[in-house]
Amino acid sequence: MNKIGYDKFEQRTYLKYCNGAETFYSYDPQRRRLQNLAVSVKGTDIMDNAYTYDAVSNVLSVANGASVPQSGKAGGQMAHTYNYDNLYRLATATGTYTGADGKSAGYTLAMGYDNMHRITSKSQHLTQQNVQFSGTLNAGYDLSYTYGTDEGKKFARRNILAHHPFGQAIPLFGQYFGGRHNGHAGHWGRSQTQDDSNPFGHMLSGVLL
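From a predicted model like this one, the values you see are computed outputs, not experimental measurements.

Participant: I tried to follow the pattern of salt bridges on my own but got confused; where do I start?
Facilitator: Between side chains of opposite charge, a pair can form as their charged atoms come close. Throughout the structure, instances matching the rule amount to four salt bridges. Salt-bridge contacts for Arg 31 lead to Asp 28; the nearest nitrogen and oxygen are separated by 3.9 Å. Across the pair Asp 114 and Arg 118 runs a salt bridge, and its minimum N-O distance is 2.7 Å. Just as Asp 114 is buried, Arg 118 falls in that class too.

Below you can see the structure in the form of structure tokens.
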């Protein structure tokens, strides 16, 4: 690191690394929230993030306006938007990405809550074109959450259901492991409850999305 700069509010405004990469920071003059973050290397912009906020300083959007890189290079343009409910909880989010060589991606996210601020649903869906491999990838999940009802355990998560596109709900818990089949991604988890009609109820259950 060669140089660091600050403004009169002691917020960082400039950073330069030994390899010549430079980062520039600018802030909203009234609330001092980060407004722009730009990174350049040898005169080439690789990041130019602009940020917007609502009246209570929740992030509403982040957009990278840097140029799409040359063929074979990493990086690219991206944009994210965020919406909140009346209690300032994240309700929905969207994002897009555009890179070199026809690479593109996008996602949507929707969240649901109950009156105790517990997450009751989460739905995220992603599309990619020529990013991880040549072709199209569609992936995602639709989850619903239930919680304990006993006194002292009302914030203990009782179950998560992954909703199959054909209407079947599969109980899951723990981590999800991604797979891909014919351009679609499956998310996997271990069954939390024994299904007497399924002798493999404790084995890995797959959800093709």
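Participant: I'm lost on the layout of surface pockets in this one. Help?
Facilitator: Gaps left between atoms are located by rolling a probe of water-molecule size over the structure's atoms. Within this model, the largest pocket holds a volume of roughly 180 Å³. Val 41, Thr 44, Asp 45, Ile 46, Asn 64, Ala 66, Ser 67, Pro 69, Ala 74, Gly 75 and Gly 76 together form the lining of the largest pocket. Top contributing element to the lining of the largest pocket by residue count: strand 5 (residues 44-53), with three residues. Class assignment for the residues of the lining of the largest pocket results in five nonpolar, five polar and one charged.

Participant: Can you walk me through the side chain of Ser 123 in this structure?
Facilitator: By the element assignment, Ser 123 lies in strand 10 (residues 119-129). Overall, the relative accessible area of 18% leaves Ser 123 in the buried class. Engagement of the side chain of Ser 123 in a polar contact is seen with the side chain of His 125, the distance being 3.2 Å. Here Ser 123 is in contact with Thr 108, Leu 109, Ala 110, Tyr 141 and Asp 142, once residues within four sequence places are set aside.

Participant: Would you mind going over the confidence of the model for the protein chain with me for this structure?
Facilitator: Segments scoring low in pLDDT should not have their predicted coordinates read at a detailed level. Here the protein chain shows a mean pLDDT of 80. Residues at 70 or above account for 77%. Counting interchain partners and residues more than four positions distant, the pLDDT-below-50 stretch residues 173-209 has 84 contacts.

Participant: Would you mind going over the environment of Thr 136 with me for this structure?
Facilitator: Positionally, Thr 136 belongs in strand 11 (residues 136-147). Of note is the side chain of Thr 136, whose polar atom sits 2.4 Å from the side chain of Gln 129.

Participant: Please clarify how the environment of Tyr 25 should be interpreted in this entry.
Facilitator: By the element assignment, Tyr 25 lies in strand 3 (residues 22-27). A relative accessible area of 18% places Tyr 25 in the buried class. What Tyr 25 contacts, discounting residues up to four positions off in sequence, is Arg 12, Thr 13, Tyr 14, Leu 15, Leu 34, Asn 36 and Leu 37.

Here is what the cut-offs are and how they apply
- Residues numbered from 1 in each chain as written.
- Predicted model: local features only at pLDDT ≥ 70, side-chain atom pairs only at ≥ 80, totals over all residues.
- Heavy atoms only, no water.
- Salt bridge = Lys/Arg side-chain N within 4 Å of Asp/Glu carboxyl O.
- Buried < 20%, exposed > 50% of the residue type's maximum accessible area, 1.4 Å probe, protein only.
- 1 Å grid on protein atoms, 1.4 Å probe; cavity = no way out; pocket = protein on both sides within 12 Å on 5 of 7 lines; lining within 4 Å.
- Points joined across faces, edges and corners; volume = space filled by probe spheres on them.
- Helix = DSSP H or I, 4+ residues; strand = E, 2+ residues; numbered from the N terminus.
- Nonpolar A, V, L, I, M, F, W, Y, C, P; charged D, E, K, R; others polar.
- Polar contact = N/O pair within 3.5 Å; in protein donor to acceptor, adjacent residues only side chain to side chain.
- Contact = heavy atoms within 4.5 Å.
- pLDDT = per-residue confidence, 0-100.

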